[in-house]
Amino acid sequence: MTAFTAAAADPLATPAGRRGWAATADAVLGGLVESAAALLVVAEIVVLFAGVTARYAFHAPLVWSDELASILFLWLSMLGAVVALRRGEHMRMTALVTKASPGTRAVLDALAIAASVAFLALIAWPAVDYAHEESFIITPALEVSNAWRAAALPTGIGLMFVVALLRLVRNCTWRQSVSALAGMALLVGLFWLAGPVLAPLGKLNLVIFFVVVVAATVLSGVPIAFSFALATFGYLALTTRTPLLVMVGRLDEGMSHLILLAVPLFIFLGALIEMTGMARAMIQFLASLLGHVRGGLSYVLIGAMYLVSGISGSKVADMAAIAPVLFPEMKKRGAKPGDLVALLSATGAQTETIPPSIVLITIGSVTGISIAALFTGGMVPAVVLGVCLCSVVWWRYRKEDLSGVPRSTWPQIGRLLLVALPAVLLPFVIRAAVVEGVATATEVSTIGIVYSALVGLLVYRQFDWRRLKPMLIETASLSGAIIFIVGCATAMAWGLTQSGFSQDLAQLMAGIPGGQYGFLAVSIVAFVLLGSVLEGIPAIVLFGPLLFPIAKAAGVHEVHYAMVVIFAMGIGLFAPPFGVGYYGACAVSKVDPDEGVRYIGGYMAALLIGLILVAAVPWFSIGFLK
């Protein structure tokens, strides 16, 4: 599960018909925000690495480092969300929008922006009020007002409001812009007038806001974070007496888990290993081992995704590091482009539990499960699903003609191993450091960044300084999109909990026949559907706090349950026709999505068999836990 941004599928990401003044204002404002966000990424790396060095090397911990990192992180998350909104990189469900006629698509795109503008306008004053309330709190280590941290919320919301309006002007006609804003204002007004009618409906409002409103906005292309936020704001404002600054507080709470600071750092680390040539070195070594075997390069693809996956935080980034290296040679050997993209998409789902996966980190942050336990538990289940995929590869390529394919000699393999060794060691160093308690999941990412930079500079002599700023901006944008959706989903989950929904859900799930296996079967079906619509991270943040306690009460180990739901969401995310991860694989591979549909059925069946094995045999997930 992964965080796939829909930039490639977003028709507004490539502006058409820009108006001069709006383009100029957007360029100036965007440049300032992007530069600030990039500097914050650098500052986070420096602060956390300084903390690690002081504690482990000099035995003199910096007591203020975590507090400063937390303050900077909220600013990074909000400014990153601004960058993501400006670039059209917030997660969206575009499967239906892209099938609409051009005229209808333009209207839906305008309404999607207008919906974002509506939420930002509604939440702006509660955010200011919340920052003011926080000004009376003094931080324990730095002894400064907490307003320095909380001010990031109204600042980011205000900047997103301006950026959204500029984007509307740049990409839509005046008629479309005015109509979208007026239509959204009318809709908000109608809901407001309906408040006295809605309030007495009780739990029926859960269906109105969290099913109807969320489904309508998500399917019409509104970014998922804003869909969650609008539904939550409407529910709290119109059907409860909850002060709206409480929603801002829950948004803050969801975005402020220090463990989530690992998200931007691992994203930057993933970009770094691609830029320094480490990913290519790993793939070339694996290809030398298996390239002469029938289906060998497909096995290499599965193995390479296993090694590289989880470091970048974005499955599209993992695919982009691997596909350009392997696909040309695989096509030369007669592999069908549709089969290649189908396997690439399937490996995206298969490697969702490979640590340090962003999804694992998110589960740990919202459920309290040990990150080290999740990292340990994720290794073997991914191998089980990988073996299932390899069985399909063996069957499909059992008659492949390799008469013209040379076999690498042992000296050649040895040289490639020597070249790849520093790169191959990185994932194991990261996992060992976390599992053995040498460093936290957040701290170890800075060690990986420094290690990769040194290997790139001193070993591979491949370090393009000109790419650093774009990489930092990409890191901030993807991080902002992920963390903002975590915040909005946390607020929505809180609203559901306060309504009594969690108790009702617990009673319903407890009544499922079949005990823990019946519960796991229902969870698999539910999370496959959720993964296809909501993607992994928002679904985990929304339902994790609700379902994990129920799983524990049903006798399912929490790490085992985490593996099951992650794979189920991954299958939904990477299976057509709704899974956006599948379309990301097609975009990276430059293959028409229709070509892959013919071949992906076998791989998805293999993944389902693997998932059933993981669900039926808890040892795969918990056998190596201490």
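Residues numbered from 1 in each chain as written. Predicted model: local features only at pLDDT ≥ 70, side-chain atom pairs only at ≥ 80, totals over all residues. Heavy atoms only, no water.

Draft legend 1. Molecular detail of the overall build of the protein chain. Regarding its fold elements, the protein chain presents 28 helices and zero strands. Taken against the 2.2 N^0.38 rule, which gives 25 Å for 626 residues, the C-alpha radius of gyration of the protein chain at 24 Å falls within 12% of a compact globule. Oriented by its inertia axes, the alpha-carbon framework of the protein chain measures out at about 75 × 55 × 55 Å. Burial analysis of the protein chain (626 residues in total) assigns 57% to the buried set. A fraction of 82% describes how many contacts in the protein chain between residues 6 or more apart in sequence connect residues 24 or more apart. Here the protein chain displays about 24,100 Å² of accessible surface, and carbon together with sulfur accounts for 70% of that area. Treating the 36 positive side-chain charges of the protein chain as one cloud and the 31 negative ones as another, the clouds have centres 10 Å apart. (Helix = DSSP H or I, 4+ residues; strand = E, 2+ residues; numbered from the N terminus. Rg over C-alpha atoms; globule rule 2.2 N^0.38 Å. Buried < 20%, exposed > 50% of the residue type's maximum accessible area, 1.4 Å probe, protein only. Contact = heavy atoms within 4.5 Å. Areas by Shrake-Rupley, 256 points an atom, 1.4 Å probe, with all protein chains shown as cover. Lys, Arg positive; Asp, Glu negative; His and termini not counted. Charge placed at Lys NZ, Arg CZ, Asp CG, Glu CD.)

Draft legend 2. Fine view of the environment of Leu68. Within the secondary structure layout, Leu68 lies in helix H2 (residues 65-87). A relative accessible area of 23% places Leu68 in the partly exposed class. Once you skip the residues sitting within four places of it in the chain, Leu68 turns out to touch Val47 and Leu142.

Draft legend 3. Structural detail: the environment of Phe501. With respect to the element layout, Phe501 can be found in helix H22 (residues 501-510). Spatially, the C-alpha atoms of Phe501 and Leu625 are 33 Å apart, while their sequence positions differ by 124 residues. Once residues lying within four places of it in the same chain are set aside, the contact partners of Phe501 are Leu206, Leu496 and Leu546.

Draft legend 4. Broad picture of the packing of aromatic side chains. According to the stated counting rule, one finds eleven aromatic pairs in the structure shown. Ring plane angle 45 degrees and centroid distance 5.8 Å describe the contact between Phe191 and Phe209, whose orientation is recorded as tilted. In this pair, Phe191 sits in helix H6 (residues 174-193) while Phe209 sits in helix H8 (residues 204-219), placing the two residues 18 residues apart along the sequence. By relative accessible area, Phe209 is classed as buried at 2%. With a centroid separation of 5.0 Å and 75 degrees between ring planes, the pair formed by Phe548 and Tyr561 is classed as edge-to-face. (Phe/Tyr/Trp six-rings, centres within 6.5 Å; stacked < 30°, edge-to-face > 60°.)

Draft legend 5. Main features of a nonpolar patch on the surface. Together, Leu201, Leu204, Val207, Val211 and Val212 give the surface a local cluster of nonpolar side chains, amounting to about 400 Å² of exposed area. For Leu201, the location among the structural elements is in the loop between helix H7 (195-198) and H8. Judged by relative accessible area, Leu201 falls into the partly exposed class, the value being 35%. (Patch = residues over 30% accessible without salt bridge, like charges linked within 9 Å, V, L, I, M, F, W, Y side chains within 5 Å. Salt bridge = Lys/Arg side-chain N within 4 Å of Asp/Glu carboxyl O.)

Draft legend 6. Broad picture of the side chain of Ser452. The residue Ser452 is located in helix H20 (residues 441-459) in this model. Overall, Ser452 belongs to the buried group, its relative accessible area being 0%. Residues in contact with Ser452, not counting those within four places in the same chain, are Leu269, Leu272, Ile273, Thr276, Met278 and Leu426.

Draft legend 7. Local environment of the pattern of salt bridges. Applying the stated criterion to the full structure yields eleven salt bridges. With a shortest N-O distance of 2.5 Å, Arg87 and Glu474 are connected by a salt bridge. Linking Arg87 in helix H2 with Glu474 in helix H21 (residues 468-498), this pair joins segments that are 387 residues apart in sequence. For Asp252, the salt bridge identified is with Arg149, shortest N-O distance 2.7 Å.

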